[in-house]
Amino acid sequence: MLTPFLATVAVQALLATAQNIRRDPGVYGPSLEIAHLYYGQWPTGVTVSSSGRMFSCFPSGLDANNTNTGNNGKFQVAELINGTEVPYPSVTFNSPPGGQINRTTYPVTSANYQNYFIGVQSVVIDSNNILWAVDTGRAIDPTSGVLTNSQYGGCKLVGISLSNNTVVNTIVFEPTVCYGDSYPNDIRFDKRGYAYLTDSSSAGRTGIIIVNMANGNAWRHLNGDARTRPEQQFLPWVWGQPVYGWQAGQPEQYISFGADGIELSKDDSTLFFAPTGGHYLHSVPTALLRNQGPASEVRAQAGVSTLTQKGASDGFALDPVSGNIYMGNAEANAIVLYNPSNSSMATFVRDPTISWMDTLSVANQYLYFTDNQLIFNPYQTWPGTERRQHPYVLYRAKLPENGTSSM
């Protein structure tokens, strides 16, 4: 026998069906395919080679459960092979002696090894088939839950040849490029031999880092510029709930992550970027960023354009055929795209299982992206309690018309 409440619900459902009341279908676009399931460490980045090899990173700077203590076997970079995660390029490179935290300093800092990973936030494969790991040099202290500052030597780029799986280049950033409280996030490479990184620093040290890959020289632009900082009182709503930021020992706050998503235009002339804590997509000519003249910072800031709103997002990815820039819109459970040819936004795919699409990678006519439930991460979001649920997912979706359509 139905209770009065259940009877009312049943009647309402029947009435809604009878009246054909319109509702959000919740899905759109191509089917999502599961490329990998993560049952252990928490991932952010993903990159996929032209031959189909898949790699992820597991930053100790965003999750203390990823921090290597010297004897727990945690790793920062792994190749995804047959449903497993294999430390890459080796177990040794992922195992700094004594771990990733340096307790001989006061206050406690991250370790500063140049030949070991400390806190890898992103992995990207370049056109020379080299995997580059963006090592922030920062790790969360599992004892206190505090994100420790980097020391010189820890913040670096590590290049690994996919042909022989060995480290072929390491570029260590000077303290004037990567501050102790910087957080280098993502990276892109142009055809001129330069790399561009976002600095997402929650401490306000946001900006763009530019690297001459031929000689390792690096410099910064858009330092603290409002377009690289989180928007004031930015509050995204995901799965119907407001998402507030949180860090150990601090009160509830708004999202404080700055410039994060980054991508180059098809011809490398324009850099697109956006803060995690913001709805707006920005761009700047790369020529202005490469300039190091006396007025170069003023000109770089004057050259920034605000293009459109795009929703709450993290990583970006370029479709090299169509020129579209893909990015997340967590508030819509979607991946969206920006079409530079007409400055328009469009939805690519929606699905209720999507919560936070962290990093995107285009390869072999597919868009890959990690959904890592960052909005439930106890080290990043209020109330600071564990709300994530295994497994985390690496999805892929077929690009429209094999990447030839601008939608």
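Whatever comes next refers back to the structure up there.
In this report, the structure presented in the accompanying data block is examined. Small disclaimer: the values here were computed from a predicted structure and weren't measured. (Residues numbered from 1 in each chain as written. Predicted model: local features only at pLDDT ≥ 70, side-chain atom pairs only at ≥ 80, totals over all residues. Heavy atoms only, no water.)

### Observations concerning the overall build of the chain
1) Next: A count of helical and extended segments in the chain gives three helices and 28 strands.
2) Next: Expected size for 407 residues packed as a compact globule is a radius of gyration near 22 Å; at 21 Å, the chain falls within 12% of this value.
3) Next: Along the longest, intermediate and shortest principal axes, the C-alpha atoms of the chain span 75 × 50 × 40 Å.
4) Next: Across the 407 residues of the chain, 55% fall into the buried class.
5) Next: Within the chain, counting contacts between residues at least 6 apart in sequence, those at least 24 apart form 56% of the total.
6) Next: Just so you have it, the chain exposes about 16,900 Å², and 52% of that area is on carbon and sulfur atoms.
7) Next: If you average the places of the 23 positive and of the 29 negative side-chain charges in the chain, the two averages end up 2 Å apart. (Helix = DSSP H or I, 4+ residues; strand = E, 2+ residues; numbered from the N terminus. Rg over C-alpha atoms; globule rule 2.2 N^0.38 Å. Buried < 20%, exposed > 50% of the residue type's maximum accessible area, 1.4 Å probe, protein only. Contact = heavy atoms within 4.5 Å. Areas by Shrake-Rupley, 256 points an atom, 1.4 Å probe, with all protein chains shown as cover. Lys, Arg positive; Asp, Glu negative; His and termini not counted. Charge placed at Lys NZ, Arg CZ, Asp CG, Glu CD.)

### What about the sheet that holds strand β24 (residues 334-339)?
1) Next: Ordered by their spatial adjacency, four strands build an open sheet running β22-β23-β24-β25, and the pairing between neighbours is antiparallel. Whereas interior strands pair on both sides, the edge strands pair on one side only; in this sheet they are β22 (316-318) and β25 (344-350). Averaged over all neighbouring strand pairs, the angle between strand axes comes to 30°, with direction disregarded.
2) Next: Alignment of β22 against strand β23 (residues 325-329), held across three bridges, turns out to be antiparallel. Within β23, the residue paired with F316 across the bridge is M327. (Pairing = 2+ DSSP bridges. Axes fitted to C-alpha atoms, helices over the stretch in contact; angles between N-to-C directions.)

### Quick look at the nonpolar core
1) Next: Judged by nonpolar contacts, the single largest core of 42 residues is most densely connected at Y326, I335, F348 and L367.
2) Next: Contributing elements (two or more residues each) for this core: β2 (46-48), β4 (77-81), β24, β25, β26 (357-363), β27 (366-371) and β28 (392-398).
3) Next: Sort the elements by how many residues they give to this core and β28 lands first, with five residues.
4) Next: For Y326, the contacting residues outside a window of four places in its chain are G315, F316, A317, D319, I335, V336, L337, F348, L360, L367, L399 and P400.
5) Next: Among the nonpolar cores identified, the runner-up in size contains 17 residues, and I130, C178, I187 and L197 belong to it. (Core = buried A, V, L, I, M, F, W, Y, C linked by side-chain atoms within 4.5 Å.)

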